[in-house]
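Results of the structural survey
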Amino acid sequence: MAHLRPKHNTIPLLVIKALVHYFLFTFKTTIASYDDQTLNVIDFGAKAGGEIDSSRAFLDAWESACNTITPSTIYVPQGRFLIGKVVFKGSHEYCKSNGITIKIDGALVAPSNYDDIGNDGNWLLFDDVNGVSIIGGVLDGQGNGLWACKRFGNRNCPMGATNLGFTNSNNIVINGVTSVNSEMYHIVIDRSKNVKVQGVRVSASGNSPNTDGIHVQLSSFVTIIASNIATGDDCISIGPGSVGSLGKELEEAGVENVTVKTVTFTGTENGVRIKSWGRPSNGFARNIIFQHLTMINVQNPIVIDQNYCPNEKDCPGQNSGVKISNVMYQDIHGTSATEVAVRFNCSPRNPCNEITLEDVKLTYQTNKQAQASCVHAQGITSGFVQPNACFSSNI
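- Going by the annotation in an unreviewed UniProt entry, the name recorded for the chain is Polygalacturonase, with Arachis hypogaea given as the source organism.
- Recorded under Sequence similarities (unreviewed entry), the UniProt text for the chain is reproduced unchanged: "Belongs to the glycosyl hydrolase 28 family."
- In its Subcellular location (unreviewed entry) section, the UniProt entry covering the chain states "Secreted, Cell wall".

**Overview of the state of the cysteines**
- For the coordinates displayed, the defined rule picks out 4 disulfides.
- Residue Cys149 pairs covalently with Cys157 via a disulfide, S to S 1.8 Å. Taking the torsion about the S-S bond as the criterion, the Cys149 to Cys157 disulfide, at about -100°, is left-handed.
- Judged by its relative accessible area of 7%, Cys149 is buried.
- Residue pairing for Cys346: its cysteine sulfur links by disulfide to Cys352, the two sulfurs lying 2.0 Å apart.

**Here's the deal with the nonpolar core**
- Within the largest apolar cluster, 84 residues are counted, with the highest numbers of intra-cluster contacts made by Trp62, Tyr329 and Phe344.
- Here this core spans two domains, since at least three of its residues come from each of domain 1 (36–238) and domain 2 (245–394).
- For Tyr329, the residues in contact, after removing those within four places along its chain, are Val272, Ile274, Phe290, Ile302, Ile304, Phe344, Ile355, Thr356, Leu357, Glu358 and Val360.

Each value, and the rule that gives it
Residues numbered from 1 in each chain as written. Predicted model: local features only at pLDDT ≥ 70, side-chain atom pairs only at ≥ 80, totals over all residues. Heavy atoms only, no water. UniProt positions renumbered as here; feature names shortened; annotations may be inferred. Disulfide = S-S within 2.5 Å. Buried < 20%, exposed > 50% of the residue type's maximum accessible area, 1.4 Å probe, protein only. Core = buried A, V, L, I, M, F, W, Y, C linked by side-chain atoms within 4.5 Å. Domains from an automatic or database assignment. Contact = heavy atoms within 4.5 Å.

Structure (structure tokens):
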């Protein structure tokens, strides 16, 4: 799951003002006009109340929107609509339209029995679509039952489903959506391009396992702004592909050109984290900027960990092959809940290099002196840096 990993085990709030590639681009957002076709899911047989499965009605509305090149709005009125696993297919084979807006005033509700969708990977999946906007509404994954199953160590628990997924898609807008209680990840952007996530709220219990807020993989030109995320796992994770941290596979794509800026982390386990498995891999993480960040009682405000080895399985005694380079930490202030506020634990095989700390001021608790720890890390400092850097010039 990667790598820029603010994790919530308390009751935190992450305010995201801007994230992702520092390339600027213009989104062409399809906004319904008076000439657009509006399709009310009620007219296709959807039933509010949260008890009758309305999956077929939503698919029929999608098919109707896809059958015309005219921009369409699929409208979901107030009320709770029960929906099972649904795949909204695009491509010219299934969908002529490049401009479909789904306007939600109500709530979409997943089945309460986690066996219904828990092995499907996704609850609501958009595959190979272009020009889709999802505006407003609540997506309730009803994941509480599955979380309890996992916490009790039941090996028969399903993996869980992501609330909302986009794969192989382009020119996507997710605006004003609230995602709650997903069985697993809340939003996944996979193999997609030109995606804008704005004004999103994500919420799950602090002890809910694997409920990452937004996971981005194998995608480019993704922007996440003005969003609030509080979950039991990573707020935002950026990975090379398959779910898991960097370096999980021997052959995998890397992560590069990522900017995280103007973010407040409150009560989180981690602030900004780059993490890789402690085993051979040809992966990399490079050209990453962390800028204008505020840490409030964060356990690990700045961390690189290249020795990830859960349950000490398949990696003890090995060194991470992931190459981490050109990482900038600039204008980061606040408090650490632990004495070590900056920790770079890098690979002896591929030491971290070109790490820059500029205008960093972190204290332990309110006004105690914090510490920095560096292992196999090379870099420079600029401006006022506290705690004092511990970079090695000879590694």
